[in-house]
Amino acid sequence: MQITNKFTIAVHVIAATKFFENKVKITSFFLAGSIGGNPALIRSVMRGLKAAGIIHTQPLSEGIRIAKPLDAVTVGEKGIFHFHENPNPKCPVGKNIHAALDDKLKIIQTAMEESMKKITIADVMNELANEI
């Protein structure tokens with residue numbers, strides 16, 4: 001089981017947007033080419049980034065831009081674990097699964113979030129600069 005690829009796609013979107021700013025018009029199609037993904041998936045990820053105030057979009061003119069300093073954007077993501085909400089209450093496992101797992105997932109999620117808060121997108125960009 002893996003954390004959704006939307007997390008790494010979001011980091012890639014931010015990094016590529018910053019790297020290519022002022023060089024090309026950055027669009028979902030351009031980013032899909034960099035990511036190797038579908039532009040519709042990229043737009044879905046971008047909606048979340050826009051809602052979080054991380055990117056700004058102006059599709060007809062300048063394309064996508066970074067909206068806040070990269071050292072203010074951490075790679076942490078709230079709600080990493082989304083538990084299925086409607087397990088069968090008539091099933092002995094279904095009716096007890098939340099009680100058995102919720103507290104454990106919260107411990108794991110809190111530890112991951114605390115670790116991830118220490119890594120900024122600026123850290124990722126610095127690492128990329130060393131590789132490029």
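Refer to the preceding data block for the structure.
Rules used in this analysis
- Residues numbered from 1 in each chain as written.
- Predicted model: local features only at pLDDT ≥ 70, side-chain atom pairs only at ≥ 80, totals over all residues.
- Heavy atoms only, no water.
- Salt bridge = Lys/Arg side-chain N within 4 Å of Asp/Glu carboxyl O.
- Buried < 20%, exposed > 50% of the residue type's maximum accessible area, 1.4 Å probe, protein only.
- Core = buried A, V, L, I, M, F, W, Y, C linked by side-chain atoms within 4.5 Å.
- Helix = DSSP H or I, 4+ residues; strand = E, 2+ residues; numbered from the N terminus.
- Contact = heavy atoms within 4.5 Å.
- Phe/Tyr/Trp six-rings, centres within 6.5 Å; stacked < 30°, edge-to-face > 60°.
- Lys NZ or Arg CZ within 6 Å of the ring centre and 35° of its normal.

A. Geometry of the pattern of salt bridges. The full count for this structure, using the stated rule, is 3 salt bridges. In this structure, Asp-103 and Lys-104 form a salt bridge, with 3.4 Å as the shortest nitrogen-oxygen distance. Overall, the relative accessible area of 43% leaves Asp-103 in the partly exposed class.

B. Spotlight on the nonpolar core. Ranked by size, the top nonpolar core spans 23 residues in total, and within it Ile-14, Leu-31 and Leu-49 carry the most contacts. Listing elements by their share of this core, those giving two or more residues are α1 (6-20), α2 (28-35), α3 (39-51), β2 (63-66) and α5 (121-131). For this core, the leading source of residues is α1, giving 7 residues. Among all residues touching Leu-31, those that are not within four sequence positions of it are Val-13, Ala-16, Thr-17, Ile-26, Ile-42, Met-46 and Ile-64.

C. Main features of the packing of aromatic side chains. According to the stated counting rule, one finds 2 aromatic pairs in the structure shown. Considering the side-chain rings of Phe-19 and Phe-20, the 4.9 Å spacing of their centres and the 85° angle between planes classify their relative orientation as edge-to-face. A relative accessible area of 26% means that Phe-20 is categorised as partly exposed. Each ring, one from Phe-20 and one from Phe-30, has its centre 5.0 Å from the other, and the planes form 85°; the classification is edge-to-face. Of this pair, Phe-20 sits in helix α1 while Phe-30 sits in helix α2; the two residues are 10 residues apart in sequence, bridging distant segments of the chain. What links up through ring pairs into an aromatic cluster is the set Phe-19, Phe-20 and Phe-30. Of note, Lys-23 hangs over the ring of Phe-19, and the distance from its end group to the ring centre comes to 4.4 Å.

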